[in-house]
Amino acid sequence: MAKSAAATATRTWSDVKSPRKVVISEGLWLRCPSCEQMIYRKQMESNLHCCPECQHHFRIGAAERIRQLTDPGTFEAMFTNLRPSDPLKFKDLKTYAERITAEQVKSEATDACQAGVGFIKGRQAMLAVLDLNFMMGSMGSVVGEIITRAIETAQERELPLIVVSASGGARMQESGLSLMQMAKTSAALARFDRAGGLFISVLTDPTTGGVTASFAMLGDLIFAEPKALIGFAGPRVIQQTIRQELPEGFQRSEYIQDTGFVDRVVSRHNLRTEIARVIDFTGK
Amino acid sequence: MLLSMSTFYQLDFEKPITDLERQIEGLEADIRRASIPAPVATPADDAPTAPATPALPTLPPVDVNELAQRVEELRALRNKTLEEIYTQLNPWQTVRVARHPKRPQTRDYIDAFCKDFTELHGDRRFGDDPAIVTGFARIGPHRVMIVGHQKGRTTQEKLACHFGCAHPEGYRKALLKMKLAEKLKLPIVTFVDTQGAYPGVGAEQRGQAEAIAFNLREMSLIRTPIVSIIIGEGGSGGALGIAIADRVAMMRNAWYSVISPEGCAAILWKQANEQTNSQAAKALNLTAADNMRLKIVDAVVEEPVGGAHREPAAAAKNLEAYILRTIPELKALDPDTLVNQRYDRFRALGSFIELPS
Ligand SMILES: [Zn+2]
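Rules of the game
Residues numbered from 1 in each chain as written. Chains lettered and ligands numbered in written order. Predicted model: local features only at pLDDT ≥ 70, side-chain atom pairs only at ≥ 80, totals over all residues. Helix = DSSP H or I, 4+ residues; strand = E, 2+ residues; numbered from the N terminus. Rg over C-alpha atoms; globule rule 2.2 N^0.38 Å. Buried ≥ 20, exposed ≤ 12 C-beta atoms within 10 Å, placed from the backbone. Contact = placed C-beta atoms within 7 Å. Nonpolar A, V, L, I, M, F, W, Y, C, P; charged D, E, K, R; others polar. Pairing = 2+ DSSP bridges. Domains from an automatic or database assignment. pLDDT = per-residue confidence, 0-100. Axes fitted to C-alpha atoms, helices over the stretch in contact; angles between N-to-C directions. Expected span 1.5 Å × (residues − 1). Arc of directions from axis to C-beta. Right-handed = clockwise from strand over helix to strand, strands pointing away. Core = buried A, V, L, I, M, F, W, Y, C linked by C-beta atoms within 7 Å.

Further remarks concern the overall build of chain A. On a plain count of helices and strands, chain A comes out with 11 helices and 10 strands. What you see for chain A is a C-alpha radius of gyration of 18 Å, in line with the 19 Å of a compact globule of 284 residues. Overall size of chain A, expressed as C-alpha extent along the three principal axes, is 50 × 45 × 40 Å. Out of the 284 residues in chain A, the part that is buried amounts to 54%. The contacts in chain A between residues at least 6 apart in sequence include a share of 68% that link residues at least 24 apart.

Next comes the structure, spelled out in structure tokens:
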């Protein structure tokens, strides 16, 4: 019934995890989840973390994304002094405080967003990147604050703003405060928009929930990496609601372009070029 | 399924109340029976030919006054118990009160205190989503635009409204009417009551995320006063999509959170059941008091003892009073100040540690 589905009407983490278990071992070889070929890890990594056989885009964290997008040595990290607090003393099967520590150790990041000013093919830009390696890129107060400061900085310095999203959505462990980050970032974008700022939103696999329903969908231009899962509700929740098979390619970048919510599907190899071209064209 | 059980909906924690009410009803029936003159007794008892069957024990004479006094005592006890239960509701119990099928919805509040309501339909893009009701109305001396989630009362209405879970066209309709209100310099009053935006194929195809995101962005710039009240359920982005306001209030037994307790339990506790839902509801800090403490809401609108579903008229009165005292405060501000203060309100929300850089 509609009710039971509505009760879980937001995304779930299992929705945004890869359907097939990709155990990325530390071995020299790994199996591509898309073409199922055994591929040489180094070759995949040197191919911008794409499968050398089928160009399947492997998920990457914020540090790797920044390395790929910016000209070497030009990125200056900002807002690195923000740390998650645990305002609700949240506890499920684990405490949020424990999770934060474990995720910080695992990801070597302090929270799920990195931002700073850098150059992309010689064009200066304000860049913010969500980090899947930290709690599935979920947005709590720190992520919302960094995105908002990035928007404000872009406005002050008259820089184009580029946000690369990869997120399971709003972070449950900060509950209402996470929800308010959707409002905060969107309101900051309203000012940036009216001030004439250029915002390029890049959606990568996966971008769902409260991140999609706030800044990620507010780009003047919205780019998406091929075959990225992009949506508000997760596919599993939708399937529980409608109890039918989902359409072919549903909630994938190409489908979202067809339904009118993505400007361009851009492969990782062309991302720098396309961003630089738009910055040039718009004169920002 | 809670929402479909409208007729037999009973909250387990209200059992002491229903038990007392049943006792009161029983005694009242006794009183009525006692006030009917008893049939004239026949002298059969004295008959020597009486059979061996034992005589029925004669009922003690009914003292109506004593019964009436007992009823009064039970009533007092019932009221006291009701108050005790409702002042100590735990978060999961609050969620269930917020979902009570008799709880007043947007259209009930419109009927209760909005005069000359003129409903306006449609988003001029795709269709008309009945899960969001919009229209002109008067509240006291104020001409306003009403925007509110509607869950539906009858089965047919509930299905049409998707139980208050709006589609993108609902959010676009809401914004279109709010932009109209801005042009006409009308304050906007929104009533939030949803478990979340509708998760379906059509909703995704028509851009559910974009519709909500666009509302968040554009509502932050609307140059007329906006007052939002979470009247029942405030579930996630679907609630926030019409709740970017100068003042956000919650009814005492409403909930407001990033996700429903069941959704949270299913993910973080790996299963949703009474126990985990209850734990999730507590962890999510979703009550009116919690949201006040986090500064997510600015005010709590009290409900009558025992919840808005017991006395909808009293709940409506409190809500109307809140709106009537809030609109003039906001009307007093010039549009620039209004919009800047709204920005600052949301800009300040969040909790993090800032190390010296
Ligand atoms: Zn491959």
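Read on for the rest.
Another point: the interface of chain B and chain A. Residue-level contacts link 60 residues of chain B with 62 residues of chain A. Broken down by secondary-structure element, the contributors of at least two residues to the side of chain B that touches chain A are α7 (201-205), α8 (208-219), α9 (236-240), β7 (255-257), α10 (261-268), α14 (335-347) and β9 (352-354) of chain B. Along the lines of polarity and charge, the residues of the side of chain B that touches chain A split into 33 nonpolar, 20 polar and 7 charged. In this sheet, β9(B) lies alongside strand β4 (residues 82-84) of chain A in antiparallel orientation, the contact comprising 3 bridges. Residue pairing in the sheet places Leu82(A) in a bridge with Glu354(B) of β9(B).

All names here are of chain B. Mapping Val 97 onto the fold places it in helix α3 (residues 91-98). Of the residues examined, Val 97 has 25 C-beta atoms within 10 Å and is grouped as buried. Along the sequence, Val 97 and His 309 sit 212 residues apart, while their C-alpha atoms lie 8.2 Å from each other. With sequence-adjacent residues up to four places away left out, Val 97 is seen in contact with Leu 11, Leu 89, Asn 253 and Gly 307.

With that out of the way, let us pick up the pairing of strand β3 (residues 142-149) of chain B. All names here are of chain B. Counting buried positions along β3 yields 6 of 8 residues, so the element is predominantly enclosed. Where strand β2 (residues 132-139) and β3 come together, 8 bridges link them in antiparallel fashion. Each bridged residue has a counterpart across the sheet, and for Thr 134 the counterpart in β3 is Val 147. The hairpin formed by β2 and β3 contains 2 residues between the paired strands, and Gly 140 there has a positive phi angle of roughly 55°. As judged from the 4 bridges shared by β3 and strand β4 (residues 188-194), these two strands associate in the parallel manner. Within β4, the position partnered with Gly 148 by the bridge is Phe 191.

As a further point, take the domain arrangement of chain B. Residue and element names in this part refer to chain B. For chain B, the assigned domains read domain 1 (11-37 + 63-88) and domain 2 (97-346). Placing the centre of domain 1 and that of domain 2 at their C-alpha centroids yields a distance of 37 Å. Every contact between the two is made by 4 residues of domain 1 and, on the other side, 4 residues of domain 2. A per-class count over the side of domain 1 that touches domain 2 returns 3 nonpolar, no polar and 1 charged.

Below, the discussion takes up the confidence of the model for chain A. A residue-level look at chain A finds 91% of positions with pLDDT of 70 or above and a mean pLDDT of 92. Counted against residues more than four places away or in other chains, residues 1-10 of chain A, with its pLDDT under 50, gives 42 contacts.

Right, let's talk about the sheet that holds strand β6 (residues 123-130) of chain A for a bit. Residue and element names in this part refer to chain A. Strand order in this open sheet of 7 strands is β3-β5-β6-β7-β8-β9-β10, and the pairing throughout is mixed. For this open sheet the edge positions go to β3 (76-78) and β10 (264-265), each flanked by a neighbour on one side alone. With 3 bridges connecting them, β3 and strand β5 (residues 113-120) associate as antiparallel partners. Residue pairing for β5: Met 78 is matched across the bridge by Ala 115. Sheet strands touched by helix α11 (residues 271-282): β5, β6, β7 (161-167), β8 (199-207), β9 (221-224) and β10. Its angle to β6, the strand with the most contacts, is close to 130°.

For Val142(A), the location among the structural elements is in helix α6 (residues 141-157). Each C-alpha atom, one on Val142(A) and one on Ala112(A), is 8.0 Å from the other, the two residues being 30 residues apart in sequence.

Residue and element names in this part refer to chain B. When helix α11 (residues 274-283) is considered as a whole, its buried residues turn out to be Thr 276, Asn 277, Gln 279, Ala 280, Ala 281 and Ala 283. Where α11 is buried, its residues touch α3 and α10. Of the residues flanking the end of α11, it is Asn 285, one or two places downstream, whose phi is positive at about 50°.

Residues and elements named next belong to chain A. An ideal rise of 1.5 Å per residue puts 16 Å on 12 residues; helix α5 (residues 96-107) measures up with 16 Å between its terminal C-alpha atoms. Along α5, the residues classified as buried are Tyr 96, Ile 100 and Glu 103. Within α5, the buried residues cover an arc of 75° as seen down the axis, which keeps them to one side. Those residues of α5 that are exposed and aimed more than 90 degrees away from the buried face are Glu 98, Thr 101, Ala 102, Val 105 and Lys 106. On its buried face, α5 sits against β4. Within two residues after α5, Glu 108 carries a phi angle of roughly 55°, on the positive side.

Next up on the list: the environment of Thr208(A). Residue and element names in this part refer to chain A. Turning to its location among the elements, Thr 208 is positioned in the loop between β8 and α8 (209-212). Given 32 C-beta atoms within 10 Å, Thr 208 falls into the buried group. Residues Thr 208 and Ser 186, spaced 22 residues apart in sequence, show a C-alpha to C-alpha distance of 16 Å.

Another point: the pairing of β7(A). All names here are of chain A. In terms of burial, β7 is a largely internal element, 7 of the 7 residues being buried. Where burial is concerned, the two faces of β7 agree: the one with Leu 161, Val 163, Ser 165 and Ser 167 and the one with Ile 162, Val 164 and Ala 166 are both buried. Where β6 and β7 come together, 4 bridges link them in parallel fashion. Paired with Ala 128 across the strands is Val 163, a residue of β7. Read as a crossover between parallel neighbours, the route from β6 over α6 to β7 is right-handed. Bridge count for β7 against β8 is 6 bridges, and the pairing is parallel. Paired with Ile 162 across the two strands is Ile 200, which belongs to β8. One crossover worth recording links β7 to the parallel β8 by way of helix α7 (residues 175-194), and it is right-handed.

Looking now at the nonpolar core. One finds Cys113(A), Ile146(A), Leu161(A) and Ile229(B) to be the most contacted residues of the largest nonpolar core, which totals 162 residues. When residues of this core are assigned to their parent elements, the largest contribution, 10 residues, is made by α7(A). Apart from residues lying up to four places away in sequence, Cys113(A) is in contact with Ala128(A), Val129(A), Leu130(A), Asp131(A), Val142(A), Val143(A), Ile146(A) and Ile147(A). Ranked by size, the runner-up nonpolar core spans 5 residues in total, among them Cys50(A), Cys51(A), Phe58(A) and Ile60(A).

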